[in-house]
Amino acid sequence: MTAYRRTARLVLSLLAGLLLAGTVATTAQAEDGYRFWGYYQWSGGQWAFAQKGADGVVPADGAVEGWRYALGGAKPRVPRAAGDFQAICGSTPAESGKKRVALVVDPGTPEDALSGQTPGPATGTCVVTDVQATGAKILAAVAPVRIEKGLTCGIAGYPATGCGDQVKNIQVPATDAPVTLQIGAAVGSSAAPSPSPAASSSDSSGGAPWTGIIIAAVVVVVLAGGGLALNRRRASQQS
């Protein structure tokens, strides 16, 4: 009886091991996915996949829009930088009758890219536009957009080809390493930029004071001419 029990326990252990191995293997299998630009909104301190297309969304003043190009499957691959409105739009003044929307564009990693193409850096841009501007209009204000069959296929020329292409047996990382945004100049702002320190110093002291030089030269010529005439007069009186 004891030997029977030991044999039964061994068989059960082997069966449990095989079932566990099968479960693990199933979980580790690669999935099928797509390469595409995903559209997101920053909400509650995190990125959320947009429930509508960019042409059907009207972001509010102070909103943060996000785009991410990635090789993705069931789980969305969100922009790798946080949607920090203050960091992107904090230095851009608000304007009456317009809204400010922070736009994050993340072209993704080299592993996400098509063969022979290299993604650029993730960028942040403050867009000042009319209050009824859609997400599509906000994106188009920052970079050229390639649209095919109603899909956003390329932003600023990346990628140059392809649109939502299916990819078999992809390996999607559990998480993406965060990146620092390159913050660009605001788009659509009517606020006049202040002169740079270099330009100011060049105008006031660093540049050539041509007006002063010309005036000084004229004064020297006049004084020299007057002195010459006075010397001639004295010479004639002595003779």
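Residues numbered from 1 in each chain as written. Predicted model: local features only at pLDDT ≥ 70, side-chain atom pairs only at ≥ 80, totals over all residues. Heavy atoms only, no water.

### What to know about the overall build of the protein
Defined as follows: A run of H or I in DSSP counts as a helix once it spans at least four residues, and a run of E counts as a strand once it spans at least two, with each numbered from the N terminus. Summary of the burial criterion: residues with accessible area below 20% of their type's maximum are buried, those above 50% are exposed, and those between are partly exposed, where the area comes from a 1.4 Å probe applied to protein chains only. We call two residues in contact when some of their heavy atoms are within 4.5 Å. The protein chains shown are the only cover counted for residues, whose accessible areas, like all others here, come from Shrake-Rupley with a 1.4 Å probe.
The helix and strand tally for the protein stands at five helices and nine strands. Secondary structure elements of the protein occur, N-terminal to C-terminal, as α-β-β-β-α-β-β-α-β-β-β-β-α-α. Out of the 239 residues belonging to the protein, those deemed buried represent 29%. Long-range contacts, defined here as pairs at least 24 residues apart, represent 72% of the contacts in the protein between residues at least 6 apart. Taken as a whole, the protein presents about 15200 Å² of accessible surface, with 60% of it coming from carbon and sulfur.

### Let's talk about the nonpolar core
The line we're drawing: By convention a nonpolar core is built from buried Ala, Val, Leu, Ile, Met, Phe, Trp, Tyr and Cys residues, the set being connected through side-chain atoms within 4.5 Å.
Of all hydrophobic cores here, the largest spans 19 residues; its most connected members are Trp37, Tyr39, Trp67, Leu103, Val105, Leu139 and Ile155. Contributions of two or more residues to this core are made by strand 1 (31-43), strand 3 (64-72), strand 4 (98-106) and helix 3 (135-142). Among the elements that make up this core, the one with the highest residue count is strand 4 (three residues). Within the second largest apolar cluster, twelve residues are counted, among which are Tyr40, Trp47, Ala122 and Cys126.

### Here's the deal with the pattern of salt bridges
Inclusion rule: Definition used for salt bridges: Asp or Glu carboxyl oxygen within 4 Å of a side-chain nitrogen of Lys or Arg.
Scanning all chains against the criterion turns up ten salt bridges. With its nearest N and O atoms 3.0 Å apart, the salt bridge here joins Asp112 to Arg68. With a gap of 44 residues between them, Asp112 in the loop between strand 4 and strand 5 (123-130) and Arg68 in strand 3 connect regions that are remote in the sequence. Like Arg68, Asp112 is buried. Across the salt bridge formed by Asp130 and Lys137, the nearest N and O atoms sit 2.6 Å from each other. Overall, the relative accessible area of 31% leaves Asp130 in the partly exposed class.

### Looking at the pairing of strand 5
Side chains on a regular strand alternate between the two faces of the sheet. Put simply, the rule reads: When DSSP locates at least two bridges between a pair of strands, those strands are taken to pair.
Burial runs high along strand 5: six of the eight residues are buried. The pairing of strand 4 with strand 5 spans eight bridges and is classified as antiparallel. Among the inter-strand pairings, Lys98 is bridged to a residue of strand 5, identified as Asp130.

### A closer look at the packing of aromatic side chains
What counts, and what does not: Only centres within 6.5 Å qualify two rings of Phe, Tyr or Trp (six-membered ring in Trp) as a pair; their planes then separate them into stacked at under 30 degrees, edge-to-face at over 60, and tilted for everything else.
For the coordinates displayed, the defined rule picks out five aromatic pairs. Between Tyr40 and Phe49, the aromatic rings sit 5.3 Å apart at their centres with planes inclined by 75°, giving edge-to-face as the arrangement. With a relative accessible area of 1%, Tyr40 lands in the buried category. For Phe49, a relative accessible area of 40% puts it in the partly exposed group.

### Remarks on the state of the cysteines
Keep this limit in mind: Disulfide assignment relies on a single distance test, namely cysteine sulfur atoms paired within 2.5 Å.
In this structure the tally under the stated criterion is two disulfides. At a sulfur-sulfur separation of 2.2 Å, the disulfide partner of Cys89 is Cys126. Its S-S torsion of about 110° marks the bond between Cys89 and Cys126 as right-handed, since a negative value means left-handed. Taken together, the residues span a long stretch of sequence, with Cys89 in helix 2 (residues 85-89) and Cys126 in strand 5 at a distance of 37 residues. The class of Cys126 is buried, set by a relative accessible area of 1%. Note on cysteine connectivity: Cys153 is disulfide-linked to Cys163, with sulfurs 1.9 Å apart. Here the S-S torsion is close to -55°, and the disulfide linking Cys153 with Cys163 is therefore left-handed.

### With respect to the confidence of the model for the protein
Stated formally: In predicted models, pLDDT denotes the confidence assigned by the predictor to each residue on a 0 to 100 scale.
Looking at the protein as a whole, the pLDDT averages 77, with 67% of positions reaching at least 70. Here residues 1-29 is a poorly scored stretch, pLDDT under 50, and it has zero contacts once near neighbours within four places are set aside; other chains count. Note on residues 194-239: pLDDT under 50 across the span, and four contacts to partners over four residues away in sequence or across chains.

### Considerations on the environment of Ala102
Mapped onto the elements, Ala102 comes out in strand 4. Assessed through its relative accessible area of 0%, Ala102 is described here as buried. Between the C-alpha atoms of Ala102 and Ile88, which are 14 residues apart in sequence, the distance is 6.0 Å. When near neighbours in sequence (up to four residues on either side) are disregarded, Ala102 contacts Ala63, Val64, Glu65, Phe85, Ile88, Cys89 and Thr125.

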